Amino acid sequence: MTKQAATMLVEDGLRVGMVGYIAWADAMEQIRDGQLPHTDEDTLASWEAAGIITPRGLSQDWGLALRVAQEATSGMEIVSTYRDVTFDAMVFVLDAHMVTVTSRATVEETDEGLQATAVHSMLEVVLASHVDPWRLLRRVLPPLDAVRAQPRLPRAEELEPLTLDILDMPQEALFDQEIFSQRLQHLPDLPATVRDALHPVASVFAYGLGQVNGQLRTSNDAWSVGELDLYHLVPGQRGVTRVPAGQLGAELLLRLASVSGVEGV
């Protein structure tokens, strides 16, 4: 094998590395307990190219990132779309360590919704140890001020549930979700905030899952980023709420702390 200098870089207190899909999958399967396996030269070369292994053996940063991803029993998946790109980030939490593994795909709008047209060949793996978790989470979110604003819980008066007068909606639409969604967008007097939420420039979905003291905990949230404002909804529940910048970050941190049981997350 040839000597390769590439490894994780330090950015804003985070350790950041890039690795191919197959190389990461092979490492997750074969590198256990910090021990390098006896494997083929092509696999070893792909690990060396990413910086997972060095002439001195397994990289300390990559070894820790692998252990966190392998052993974590709690975490979150964050899927966000901005313009024509979708990011899918898996967040793993283990004690004071967090890791995100993020893939990227180009998408386009079709009659059946967003469809991937190309998937980037590399994954971004980011390791955070004893670092403000918001630094890690904001990295996988769309680069918009409303989304990446410093987390803060809003005051009650800053939360505005969206309301809609449906008296003019055909009765059959009220009992069929697909008809309702189709007709809703064409109502002539649709409030600006509702129209804004229905036509987002970006969206964020977050699903948390973890075991805390033997109990399963989950969370499920979605945000729509319009031209005017930021909107929060909980899938499976009625209603959409207009929220201020900072609410998204605060809710993500609360959800992640809840499913992981780790204070400071």
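Structure: see above.
Report on the accompanying structure. (Residues numbered from 1 in each chain as written. Predicted model: local features only at pLDDT ≥ 70, side-chain atom pairs only at ≥ 80, totals over all residues. Heavy atoms only, no water.)

On a plain count of helices and strands, the protein comes out with 8 helices and 14 strands. Counting across all 265 residues of the protein, residues that qualify as buried make up 42%. Contacts spanning at least 24 positions in sequence make up 58% of the contacts within the protein whose residues lie at least 6 apart. Carbon together with sulfur atoms contributes 50% to the accessible area of the protein, which is approximately 14800 Å² in total. (Helix = DSSP H or I, 4+ residues; strand = E, 2+ residues; numbered from the N terminus. Buried < 20%, exposed > 50% of the residue type's maximum accessible area, 1.4 Å probe, protein only. Contact = heavy atoms within 4.5 Å. Areas by Shrake-Rupley, 256 points an atom, 1.4 Å probe, with all protein chains shown as cover.)

As a further point, take the environment of Leu253. Among the secondary structure elements, Leu253 is positioned in helix α8 (residues 247-260). Owing to a relative accessible area of 17%, Leu253 belongs among the buried residues under this scheme. Between the alpha carbons of Leu253 and Pro133 there is a distance of 7.8 Å; along the sequence they are 120 residues apart.

A separate point is the layout of surface pockets. In this structure, the second largest pocket spans a volume of roughly 250 Å³. Around the second largest pocket, the lining is made up of 15 residues, and of these Phe87, Thr102, Arg104, Glu124 and Arg139 lie nearest the centre. Of all the elements in the fold, those that place two or more residues in the lining of the second largest pocket are β7 (97-110) and β9 (122-129). A class-by-class count of the residues in the lining of the second largest pocket yields 8 nonpolar, 3 polar and 4 charged. (1 Å grid on protein atoms, 1.4 Å probe; cavity = no way out; pocket = protein on both sides within 12 Å on 5 of 7 lines; lining within 4 Å. Points joined across faces, edges and corners; volume = space filled by probe spheres on them. Nonpolar A, V, L, I, M, F, W, Y, C, P; charged D, E, K, R; others polar.)

The N-to-C vectors of helix α1 (residues 21-30) and helix α3 (residues 60-71) enclose an angle of 75°; their axes lie 10 Å apart at closest approach. Between α1 and α3, the angle is such that the two are roughly perpendicular. Facing α1, whose interface residues are Trp24, Ala27 and Met28, α3 presents Trp62, Ala65, Leu66, Ala69 and Gln70. For the contact of α1 with α3, the residue count by class is 7 nonpolar, 1 polar and no charged. (Axes fitted to C-alpha atoms, helices over the stretch in contact; angles between N-to-C directions. Parallel < 35°, antiparallel > 145°, perpendicular 65-115°, else oblique.)

Let us look at unusual backbone geometry. A positive phi angle is found at Asp12, which is not glycine, with a value near 55°. Here Asp12 is to be found in the loop between β1 (9-11) and β2 (14-20). By relative accessible area, Asp12 is classed as exposed at 54%.

Let us look at the side chain of Glu124. Along the chain, Glu124 falls in strand β9. The exposure class of Glu124 is buried, given its relative accessible area of 18%. A distance of 3.0 Å separates a polar atom in the side chain of Glu124 from a polar atom in the side chain of Arg139. Not counting chain neighbours up to four residues away, the residues in contact with Glu124 comprise Val16, Gly17, Met18, Thr100, Val101, Thr102 and Arg139. (Polar contact = N/O pair within 3.5 Å; in protein donor to acceptor, adjacent residues only side chain to side chain.)

Two elements in contact, α1 and helix α2 (residues 41-50), have axes whose closest approach is 10 Å; the angle formed by their N-to-C orientations is 105°. In terms of their interaxial angle, α1 and α2 are classed as roughly perpendicular. Here Ala23, Asp26, Ala27 and Gln30 of α1 come into contact with α2, specifically with Thr43, Ser46 and Trp47. Taken together, the residues that form the contact of α1 with α2 break down as 3 nonpolar, 3 polar and 1 charged.

Now for α8. Between its terminal C-alpha atoms α8 stretches 20 Å, which fits the 20 Å expected from 14 residues at 1.5 Å a residue. A large share of α8 lies buried, amounting to 10 of its 14 residues. Within α8, burial applies to Gln247, Leu248, Gly249, Ala250, Glu251, Leu252, Leu253, Leu256, Val259 and Ser260. (Expected span 1.5 Å × (residues − 1).)

Right, let's talk about the environment of Asn213 for a bit. Counting through the fold element by element, Asn213 comes out in the loop between β11 (202-212) and β12 (215-225). Taking relative accessible area as the criterion, Asn213 reaches 77% and is therefore assigned exposed. Spatially, the C-alpha atom of Asn213 lies 10.0 Å from that of Ser260, the residues being 47 residues apart in sequence.

The biggest cluster of nonpolar side chains holds 30 residues, and the ones touching the most others in it are Ile78, Leu137, Leu141, Leu248, Leu252 and Leu256. For this core, the secondary structure elements donating two or more residues are β2, β5 (74-82), β6 (85-94), β9, α4 (133-139), β11, β12 and α8. A per-element tally of this core places α8 first, with 5 residues. Beyond its immediate sequence surroundings of up to four residues, Leu137 is in contact with Ile78, Val91, Met98, Leu252, Leu253 and Leu256. (Core = buried A, V, L, I, M, F, W, Y, C linked by side-chain atoms within 4.5 Å.)

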